[in-house]
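# Architecture at a glance
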Amino acid sequence: MGVCILSLLLGEMTGTAQTFNAASDLTVETNRKGASIQSTMYGIFFEDINFGADGGLYAELIKNRSFEFDHAFTGWTLFGDVTVQTKNPCFDRNPRYARLVHRNMLTGTGLENEGFKGIGIKAGEKYDFSLYARTVKNSPVKLRLELVNSKNDIFETKELTIEGNGWRKFNVVLTPGQTEVKSRLRLTMLTEGAIDVDHISLFPQQTFNNRSNGMRADLAQALKDLKPGVFRFPGGCIVEGTNLATRYQWKNTIGPVENRPVNINRWNYTFAYKKFSDYYQSYGLGFFEYFQLSEDIGAEPLPVLNCGLSCQYENSDPKQNCPVDELQPYIDDALDLIEFANGPATSKWGKIRSEMGHPAPFNLKMIAVGNEQWGTLYTERLEPFVKAIRAKYPEMKIIGGAGPQAEGEDFDFLWPEMKRIKVDLVDEHYYRSPEWFLSNASRYDSYDRKGPKVFAGEYACHAPNRENSFLSALAEAAFMTGLERNADVVHLCTYAPLFAHVDAWQWRPDLIWFDNLTHVKTPNYYVQQLYGHNAGTDVLPLTANGKPVAGQNGLYATAAADNNDEIIIKVVNTGIDQKKIKLSLNGLTNAKHNATVTCLLSSNLEARNTIQDSDEVIPQVSSLEFQGPLMEVTLAPLSFTVYRINR
Ligand code: AHR
């Protein structure tokens, strides 16, 4: 199979090859700085798909903690007398709660949560258990909490007494001594009586940056380690939902987590062959947490908002869309979000941000309207958004979309429309084959330099089996040389999707895979990381025989200056032969220079890191010394190499 894919790649190479003289090799003009490379250039795209938020990045371990899924007890196993109630609720927007009545010592009464494909517990870590509860008859009720592993053994026990007939929060810290990837949380009544319980939560104390209601530490750290310049959120199709009723509404995602109304996740049912009836959005990772995480990982936030359209893939009925003359609430959502992010703590929405713990503005600079929309349905809605945002926030960069495809009728209609509407950037999406990625490395060489800039907002190379693989990573690395070379046109790019739970995914490939305890970085992740860490500040001309290097002889290359200190050269060799290359670094002195060399390579194009074998393809770092201005290097077969050269 490996050979087959290899020959496919080679076929592509020989099919399009314009070979250049190995002797002439590559020339870099090290003193001729071209376009600035935006600090936001390489970023991340987050969508709650593949259990990326609940069950993933958001550190909550209990599924359906407030009994608000369509079936109140999804994720719970009940024993004894347990019913769902809504009278005098604890939270008005999440009104359901569970009533537990214990009158029979033989059966007992209680409930057990399965987490998200199990609950991941680490020995030695502390976990905050909490619930809201009241007694029904005002007599105290003792509860036992237990962590139960997949063999049904109890490995942690604590007790708790519920007292008082008014709603109150109760907390207990669990300190398990065992590591379990798939455990369950059990609550059992020890005293006869009746209690009401709601918002049952189990949270690791150790979250990323120790934030309360925070993110899973290892996953958020993996994001930070990419050095992302920009952070797109919350999607993706989830922005549209399936219809307007299920669209993403940011105002439902702020304020106390207990009162954020739950919404079905569209990836619950989008693919019939990948049905996950337990997939909902708790919005525990809401817009406040998103802005805060952006700040914590050093990325500029880039929210995407619904433009008043239902998902166009799922709905052909125009009644499913908001009429243009009734768009104001949607436009207000955009304006209010900007105020929530940037407004003074005295403004209506800025005050909520401040009360949530962030008095200072988040300094939001850009906003996207619409995800994958097309036709006049989209443009006639986008226009009033642009008008209103420009009028109130003239500094805000506005991003429109070019539809779901990288070319074709909708794309050809939308680009001129985006110019007419004068958006600042246009969001392009492409999930394409390795061949497409390789042959599109010159895509932006001929783009209009005067129009809106490009945001490659969703892209990933899809090999035929849709697995993450070294082949797809190499094709992405090659393609990205074209993004960097055209940094005057391309200002942002974000690979998609970001996360996938190994037991609960709907879409692949994805950048980071995880189970309940650990994660694995794909070869594609390392490509993104190498670009993120070696973005540079200004494009430098890199040519072979006077032309950009975009596939000739199987090579793809780009060069950048990092301020005035370093020269960064990225070279992808898609051939199976090693190549000796002479790099003429014009402008560099003839003194000795050092370079750090980071190389991602594999002879197996199907290589993909897994949880069990996480380092099959990882970057290798070495160094070299050379006498300027000529640097001679040997490129390994099937490799992506980054040279950082001291001036
Ligand atoms: O990234 C997965 C999906 O691909 C996104 O939700 C959507 O925008 C695109 O079709």
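Notes on the structure follow. Model, not experiment: these values are computed from the prediction.

Ranked by internal contacts, the top residues of the largest apolar core, which has 134 residues, are Leu57, Phe287, Tyr430 and Phe640. A per-element tally of this core places helix H9 (residues 470–485) first, with ten residues. The contact partners of Phe287, leaving out residues within four places of it in the chain, are Phe233, Pro234, Tyr248, Trp250, Thr253, Ile254, Pro303, Leu337 and Phe340. The next biggest cluster of nonpolar side chains, apart from the first, holds 33 residues, and it includes Ala72, Phe73, Leu100 and Met189.

A complete count under the given rule lists 48 aromatic pairs for this structure. Measuring from ring centre to ring centre gives 6.3 Å for Trp267 and Trp507, while their planes differ by 75 degrees; the resulting arrangement is edge-to-face. Pair noted here: Trp267 is in the loop between strand S15 (263–264) and strand S16 (280–281) and Trp507 is in the loop between strand S23 (499–501) and strand S24 (512–514), with a separation of 240 residues, a long-range link. Assessed through its relative accessible area of 18%, Trp507 is described here as buried. Between the aromatic rings of Tyr459 and Tyr495, the centroid separation amounts to 6.1 Å while the plane-to-plane angle is 75 degrees, which identifies the pairing as edge-to-face. Of this pair, Tyr459 sits in strand S21 (residues 453–461) while Tyr495 sits in strand S22 (residues 490–495); the two residues are 36 residues apart in sequence, bridging distant segments of the chain. A residue is classified by how much of its surface remains accessible, and Tyr495, at 2% relative accessible area, is buried. Over the ring of Tyr97 we find Arg134, and its NZ or CZ is 5.1 Å from the ring centre. The side chain of Arg466 reaches across the aromatic face of Trp507, ending 5.0 Å from its centre.

Attention shifts here to the side chain of Arg485. Mapped onto the fold, Arg485 is located in helix H9. Given the relative accessible area of 16%, Arg485 is considered buried. A distance of 2.9 Å separates a polar atom in the side chain of Arg485 from the backbone oxygen of Ala441. Separated by 3.2 Å, the side chains of Arg485 and Asp445 make a polar contact. The residues touching Arg485, leaving out its near neighbours within four places in the chain, are Ala441, Ser442, Asp445, Val539, Pro548, Val549, Ala550, Ala557 and Thr558.

Counted residue by residue, strand S12 (residues 180–189) has seven buried out of ten residues, so it is predominantly covered. Summarising the sheet, strand S6 (residues 110–113) and S12 pair through four bridges and their orientation is antiparallel. Across the sheet, residue Gly110 finds its bridge partner in S12, namely Thr188. Relative to S12, strand S7 (residues 119–121) runs antiparallel, the two being bridged by two bridges. Looking across to S12, one finds that Ile119 is bridged to Ser183. Where strand S9 (residues 141–148) lies against S12, six bridges are found, and the strand directions are antiparallel. When the sheet's bridge partners are listed, Leu147 is paired in S12 with Leu185.

Looking now at helix H7 (residues 409–421). A rise of 1.5 Å per residue sets the reference length of H7, with its 13 residues, at 18 Å; its end C-alpha atoms lie 18 Å apart and thus fit the reference within 8%. In this structure, the buried side of H7 is in contact with helix H6 (375–392), strand S19 (397–401), strand S20 (425–432) and S21. Note on H7: the residue one or two positions beyond its end, Lys422, has a positive phi of about 65 degrees.

What follows concerns unusual backbone geometry. Residue Pro234 is bonded to the preceding Phe233 through a cis peptide linkage, with omega at 5 degrees. Residue Ala496 is joined to Pro497 through a cis peptide bond whose omega torsion reads -15 degrees. In this model, His199 sits at a positive phi of 45 degrees, which is unusual for a non-glycine residue. Residue class for His199 comes out buried when judged on its relative accessible area of 5%. Unlike most non-glycine residues, Asn553 shows phi in positive territory, near 60 degrees. Note on placement: Asn553 falls in the loop between strand S27 (542–543) and strand S28 (555–562).

We now examine the site of the ligand. If you check the shell around the ligand, you find Glu47, Gly236, Cys237, Trp267, Asn371, Glu372, Tyr431, Glu458, Pro497 and Trp507 and nothing else. Contact between the ligand and Cys237: an oxygen atom at 2.8 Å from a main-chain N or O atom of the residue. Within the side chain of Glu458, an N or O atom sits 2.7 Å from an oxygen atom of the ligand. A total of 280 Å² of accessible area belongs to the ligand in isolation, and the protein chains cover 96% of it. Across the shell around the ligand, the residue classes break down as five nonpolar, two polar and three charged.

Attention now goes to the sheet that holds strand S29 (residues 566–573). Taken together, the six strands give an open sheet; going across it, the order is S26-S28-S29-S34-S31-S32, and neighbouring strands pair in antiparallel fashion. Pairing within the sheet leaves two strands with one partner each, and these edge strands are strand S26 (538–540) and strand S32 (620–627). The sheet shows a mean angle of 25 degrees between the axes of neighbouring strands, direction not considered.

Turning our attention to the packing of helix H4 (residues 328–342) against H6. It is at 10 Å that the axes of H4 and H6 come closest, and there the two elements cross at 35 degrees. For H4 against H6, the interelement crossing comes out right-handed. On H6, the residues that touch Tyr330, Ile331, Ala334, Leu335, Ile338 and Glu339 of H4 are Pro384, Phe385, Ala388, Ile389 and Lys392. The residue makeup of the contact of H4 with H6, split by class, is nine nonpolar, no polar and two charged.

With that settled, consider the packing of helix H3 (residues 287–297) against H4. Put simply, H3 and H4 touch, their axes get as near as 11 Å, and they point 50 degrees apart. With respect to H4, the element H3 is oriented oblique. Remark: the crossing between H3 and H4 carries right-handed chirality. Across from Phe287, Phe288 and Phe291 in H3, the residues of H4 making contact are Leu337, Phe340 and Ala341. Looking at the contact of H3 with H4 residue by residue, the classes come out as six nonpolar, no polar and no charged.

Helix length check: H4, at 15 residues, gives a terminal C-alpha distance of 21 Å against a target of 21 Å (1.5 Å per residue), a fit within 8%. With respect to burial, H4 is a largely interior element, eleven of its 15 residues being buried. Within the sequence span of H4, burial applies to Tyr330, Ile331, Asp333, Ala334, Leu335, Asp336, Leu337, Ile338, Glu339, Phe340 and Ala341.

Conventions adopted
Residues numbered from 1 in each chain as written. Predicted model: local features only at pLDDT ≥ 70, side-chain atom pairs only at ≥ 80, totals over all residues. Heavy atoms only, no water. Core = buried A, V, L, I, M, F, W, Y, C linked by side-chain atoms within 4.5 Å. Buried < 20%, exposed > 50% of the residue type's maximum accessible area, 1.4 Å probe, protein only. Helix = DSSP H or I, 4+ residues; strand = E, 2+ residues; numbered from the N terminus. Contact = heavy atoms within 4.5 Å. Phe/Tyr/Trp six-rings, centres within 6.5 Å; stacked < 30°, edge-to-face > 60°. Lys NZ or Arg CZ within 6 Å of the ring centre and 35° of its normal. Polar contact = N/O pair within 3.5 Å; in protein donor to acceptor, adjacent residues only side chain to side chain. Pairing = 2+ DSSP bridges. Expected span 1.5 Å × (residues − 1). Near = heavy atom within 4 Å. Areas by Shrake-Rupley, 256 points an atom, 1.4 Å probe, with all protein chains shown as cover. Nonpolar A, V, L, I, M, F, W, Y, C, P; charged D, E, K, R; others polar. Axes fitted to C-alpha atoms, helices over the stretch in contact; angles between N-to-C directions. Left-handed = near helix turned anticlockwise from the far one by under 90°. Parallel < 35°, antiparallel > 145°, perpendicular 65-115°, else oblique.

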